[in-house]
Amino acid sequence: MPTPKKRPLVIVTRKLPDPIETRMMELFDTRLNVADKPLSQPELIEAVKTADVLVPTITDRIDGAVLAHASPNFRLIANFGTGVDHIDLAAARQRGITVTNTPGVLTEDTADMTMALILAVPRRLVEGANALQAGKFEGWSPTWMLGKRIWGKRLGIIGMGRIGQAVARRAKAFGLSIHYHNRKRVHESVEQELEATYWESLDQMLARMDIISVNCPHTPATFHLLSARRLDLLQPQAYIVNTARGEVIDENALVRKLRKGEIAGAGLDVFEHEPAVNPKLLELENVLLLPHMGSATLEGRVDMGEKVIINIKTFADGHAPPDRVIAGLL
């Protein structure tokens, strides 16, 4: 009778949905984070010394200082999430560590939240709800709590990948004119479907849009892509929505523009120094702030977990995981 194959030791850094944790316990030698408290750097170092596989999230900084302590058995970082800017990919590659992510499963959820902000900010939905709860509603008035119509306005999408295109489909249904800037122009069939206008120059697009939606990843090339100079290009009636990564926008410059009324408003689900939120943003009435909820649906989180499980199981069986960001050693 063949000896059963040793199950990989998997350390999970945060609390995951119960069905995912249960399945991980069945398949792997799994250590869960029941308290859901983010691991400190010393705890992450101890994890990579011990584990065969680490399942981190965006709250975990897996940098070179952590990976320097990785044991020879540590061969896979199965990230719970699409973005991997919190992982030092160069250090992982150098050590032969494979990194995987969970692409595709959060597209519709994030696009839903983006569209919600595109609607909520110009129509001042949260301001109205807060006024009602504060007892400031004294009956209908022709001029009270006036917002802006979005039908017929121009939406400029920065990053026309899966999420950007899903946002465009929703926005088109609400009567918005679709414009976009991307590293590469999308296929002609996509442009035709969305009736989308491509701008090779981000500067030129920004100067002409009513609403800007940030849907690109955070990379060294996109850090402060919306710099102070570029924010100055926006029209005073323009709105900015960001459900991607806070680092893409120069947050201090954005605050200055909003304070002066040089931008009409903003809807932000992400922040430059998460989990810290710029206190100056909290003082502004023309900003809608959310606590990184863009992908926060039960269905989405379960789908993410299932991708993590598939990546670990495939790797443990000696095959290339389907969602490799970088390939290490099998």
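Residues numbered from 1 in each chain as written. Predicted model: local features only at pLDDT ≥ 70, side-chain atom pairs only at ≥ 80, totals over all residues. Heavy atoms only, no water.

Chemist: Which residues make up the UniProt feature "domain: D-isomer specific 2-hydroxyacid dehydrogenase NAD-binding" (unreviewed entry) in the protein chain, and what are the values?
Modeler: According to UniProt, the "domain: D-isomer specific 2-hydroxyacid dehydrogenase NAD-binding" (unreviewed entry) feature falls on residues 115-294. Helix makes up 31% of residues 115-294 and strand 15%, with an end-to-end C-alpha separation of 10 Å. (UniProt positions renumbered as here; feature names shortened; annotations may be inferred. Helix = DSSP H or I, 4+ residues; strand = E, 2+ residues; numbered from the N terminus.)

Chemist: If you had to explain the side chain of asparagine 79 to someone new, which residues and values would you point to?
Modeler: With respect to the helices and strands, asparagine 79 occurs in the loop between strand 4 (76-78) and helix 4 (89-94). Side-chain polar atoms of asparagine 79 contact the backbone oxygen of glycine 83, separated by 3.0 Å. Within polar-contact distance, the side chain of asparagine 79 engages the side chain of histidine 86 at 2.9 Å. Every residue in contact with asparagine 79, bar those within four places of it in the chain, is listed here: Pro56, Thr57, Val84, His86, Ile87, Thr100, Asn101, Thr102 and Val308. (Polar contact = N/O pair within 3.5 Å; in protein donor to acceptor, adjacent residues only side chain to side chain. Contact = heavy atoms within 4.5 Å.)

Chemist: So what's going on with the packing of helix 1 (residues 18-27) against helix 13 (residues 298-316)? Which residues, and what values?
Modeler: It is the contact of helix 1 with helix 13, at a shortest axis distance of 10 Å, that shows an interaxial angle of 15°. When the axis of helix 1 is compared with that of helix 13, the two are roughly parallel. At the point where helix 1 passes helix 13, the crossing takes the right-handed sense. For the pair helix 1 and helix 13, contact is made by Ile20, Arg23, Met24 and Leu27 and by Val302, Gly305, Glu306, Val308, Ile309, Ile312 and Lys313, respectively. Tallied by class, residues from the contact of helix 1 with helix 13 come to seven nonpolar, one polar and three charged. (Axes fitted to C-alpha atoms, helices over the stretch in contact; angles between N-to-C directions. Parallel < 35°, antiparallel > 145°, perpendicular 65-115°, else oblique. Left-handed = near helix turned anticlockwise from the far one by under 90°. Nonpolar A, V, L, I, M, F, W, Y, C, P; charged D, E, K, R; others polar.)

Chemist: Please provide a residue-by-residue account of the layout of surface pockets, values included.
Modeler: There is about 480 Å³ of room inside the second largest pocket. For the second largest pocket, the lining is made up of 24 residues, of which Val126, Glu127, Glu285, Asn286 and Val287 are closest to its centre. Within the residue set of the lining of the second largest pocket, elements represented by two or more residues are helix 6 (125-133) and strand 12 (287-289). Top element by residues in the lining of the second largest pocket is helix 6. It accounts for five residues. In terms of residue class, the lining of the second largest pocket is built from 16 nonpolar, three polar and five charged. (1 Å grid on protein atoms, 1.4 Å probe; cavity = no way out; pocket = protein on both sides within 12 Å on 5 of 7 lines; lining within 4 Å. Points joined across faces, edges and corners; volume = space filled by probe spheres on them.)

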